[in-house]
Amino acid sequence: MSIKVSDHVLQRLREWGVETVFGYPGDGINGLLAAWGRAEDRPRFIQSRHEEMSAFQAVGYAKFSGRLGVCAATSGPGAIHLLNGLYDAKLDHVPVLAIVGQTHRTAMGGSYQQEVDLHTLFKDVASDFVETVTVPEQLPNVLDRAIRTAYARRAPTAVIIPGDVQELEYSAPTHDFKMVPSSLDRSAWTAVPSQDSIERAAEILNAGDKVAILVGQGAAGAREEVHRIAQLLGAGVAKALLGKDVLSDELPYVTGSIGLLGTRASYELMRDCDTLLTIGSSFPYSQFLPEFGKARAVQIDIDPHMVGMRYPYEVNLVGDAKETLQRLIPRLDSDRGREWYDTVCDNVSHWREVMERRAGLEADPINPEYVARALDPLLPENAIVTSDSGSTANWYARHVTMRGEMRGSLSGTLATMGCGVPYAIGAKFAHPDRPVVALVGDGAMQMNGLAELITAAKYADRWEDRRLVVAVWNNHDLNQVTWEMRAMEGAPSFLPSQELPDVQYAAFARSLGLTGVRVEKPEDVEAGWRAGLEADGPAVIEFLTDPAVPPIPPHATWEQMEATAASILKGDTDRGSMIRQGFKAKVQEFLPHRDKK
């Protein structure tokens, strides 16, 4: 019995183990949609509200499952809409395949409706592999290479299939000249560094008295080895945001996140260390790493294109984090003093006290840090947490304690707004038996999140654990950019660009049949969280928070914050809690240290 090209596409995806495709329909993929009908929705087609959300959902699925994320879109505008999500995959090194329609071959080059030069469009974002299928015999090789490349390079790839090609009868490549047969198998592999480089790295680490370790998402499969090497070296461990779930935050030597959104303990770890070991991270902000020349450094990364950046490393170990650490650990000396380790642990304890104090400070109406702090002890130990970009990422980085089997992620390198809710939906399809919590600002919620609540409502019955909690920090302000303007430009908030319209997020959720709770007072915050976590289905918990609470960088000095306060007081003082004469006192309260250093 003959089948069409579109039927073979879905069959090949099933053979690769693909269970879910996130997409949006359009006539450029009508052939594929018809094939889905014939295949009884295998792999299942998950309809988002916008193709960008399909790509984000594929990224979230891939991040939390470790498997290929797949998205599909029509030609022209649909393909264009995928770009932001695909760039998120590219910059965060996530395997995603985009399957995209194109106008019929007979119309190509004729300025036809929705005709876009898709190769040019995708040549950067899918630079590792992008190809158009023009004849049936080409299909298996193109699709197989796209999937293998996405896995091997941890990158987005794209396969373009014109509408008329989708409808052709499928015929496999033959054993002939200029035919390219293909195969399915993708055997497991790993990379390990040379013995000589391992020994040189061990020599550097053994010579250090004050060792700092920085881990990123590339260390996720080496949790036990990272813990072991930290103990051997008496080291503190800081985490890039994409590596937040690599180690439990309950460990006394884990200093937490690093960078502008990081902790004071991580800043002190990097400032005072004499040796740095970076594992699976391309953390870009070198100003938060040790001063050049002050620390000797070793890097471990599986990608040879990503080593040697950010810091003058003496040894770059190209290899899988787990395999490399297993070879490195036996060569390390464990006989070293505890003074540095004790200092790191003391700094962590002090930072936790600072965070508790800051979350307990009064605000108008609710302290945004308290919202995240109240969630932390309520999170189940198998929860998945997604964070959107914006000031909520600060509270995610500093107040959410990773423990047990918890997972978490956000748009790390692209730092795009609008990913929090679609990430959470992708996570639910990756782990339908686990609760998922999305932390989202009102700007990101208005940008993308509201529409994707419709997607959550549509598919909630497919999840074994129906809990998907979307928390909205509603402060009527694009808060992160507002603070960046104040801190970096010395300018007050520019209201035409920063002020957001008021939206009834909880009421909108209720209009969809979801749980919706609006929290207006601090004493109701914990109850709001419990209502979301106990709901039998998706829930939106809307917190009215104070935009004047500063997301203070971990290295901020009193002089810098005083200058920020002064710049705000130049502005309109009639906007209530956002700008007021008492702001200087609030800034002083929220400083990481009261000694004004």
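This is a predicted model, so every value here is computed, not measured.

Asker: Looking at this model, I keep getting lost on unusual backbone geometry. Mind explaining?
Answerer: Generally, phi is negative for residues other than glycine and the peptide bonds are trans, each holding for most cases. That bond from Arg42 to Pro43 is cis: its omega, -5°, falls within 30 degrees of zero. Of note, the bond from Asp364 into Pro365 is cis; its omega dihedral lies within 30 degrees of zero at 0°. Looking at where Pro365 falls in the secondary structure, it is placed in the loop between α13 (339–359) and α14 (368–375). Phi is positive for Gln114, which is not a glycine, with a value near 60°. By the secondary structure assignment, Gln114 is in the loop between β4 (96–102) and α6 (118–122). Its identity as a non-glycine residue notwithstanding, Arg154 has a phi of 50°, on the positive side. Note that Arg154 resides in the loop between α7 (139–153) and β6 (156–162).

Asker: In this structure, what is going on with the packing of aromatic side chains? I would like to understand it.
Answerer: Aromatic ring pairs are defined here through the distance separating the ring centres and the angle between the ring planes. In this structure the tally under the stated criterion is 13 aromatic pairs. Geometrically, the ring pair formed by Phe56 and Tyr423 is edge-to-face, given 6.3 Å between the ring centres and 80° between the ring planes. Taken together, the positions of Phe56 in helix α3 (residues 51–65) and Tyr423 in helix α16 (residues 420–430) put the pair 367 residues apart, joining distant regions of the chain. The buried category is assigned to Phe56, whose relative accessible area is 0%. Members of the aromatic cluster, each reached through a chain of ring pairs, are Phe22, Tyr61, Phe429, Tyr459 and Trp463. Note that Arg186 overlies the ring of Tyr151, its terminal NZ or CZ placed 3.6 Å from the centroid. We note Lys244 situated over the ring of Tyr396; from NZ or CZ to the ring centre the distance is 5.4 Å.

Asker: When you look at the sheet that holds strand β2 (residues 44–47) in this model, what are you seeing that I'm missing?
Answerer: To summarise the sheet geometry, strands pair through backbone hydrogen bonds and adopt either a parallel or an antiparallel arrangement. Reading across from one edge, β2-β1-β3-β4-β6-β5 is the order of the 6 strands in this open sheet, with parallel pairing throughout. The open sheet has two edge strands, β2 and β5 (130–132), and neither has a second partner. Ignoring which end each strand starts from, the neighbouring axes of this sheet average 25° apart. Of the strand pairs in this sheet, strand β1 (residues 20–23) and β2 are connected by 4 bridges, and their pairing is parallel. Bridge pairing in β2 links Thr20 to Arg44. In the packing of α3 onto the sheet, the strands contacted are β1, β3 (69–73) and β4, and the crossing angle to β3 comes to about 170°.

Calculation notes
Residues numbered from 1 in each chain as written. Predicted model: local features only at pLDDT ≥ 70, side-chain atom pairs only at ≥ 80, totals over all residues. Heavy atoms only, no water. Helix = DSSP H or I, 4+ residues; strand = E, 2+ residues; numbered from the N terminus. Phe/Tyr/Trp six-rings, centres within 6.5 Å; stacked < 30°, edge-to-face > 60°. Buried < 20%, exposed > 50% of the residue type's maximum accessible area, 1.4 Å probe, protein only. Lys NZ or Arg CZ within 6 Å of the ring centre and 35° of its normal. Pairing = 2+ DSSP bridges. Axes fitted to C-alpha atoms, helices over the stretch in contact; angles between N-to-C directions. Contact = heavy atoms within 4.5 Å.

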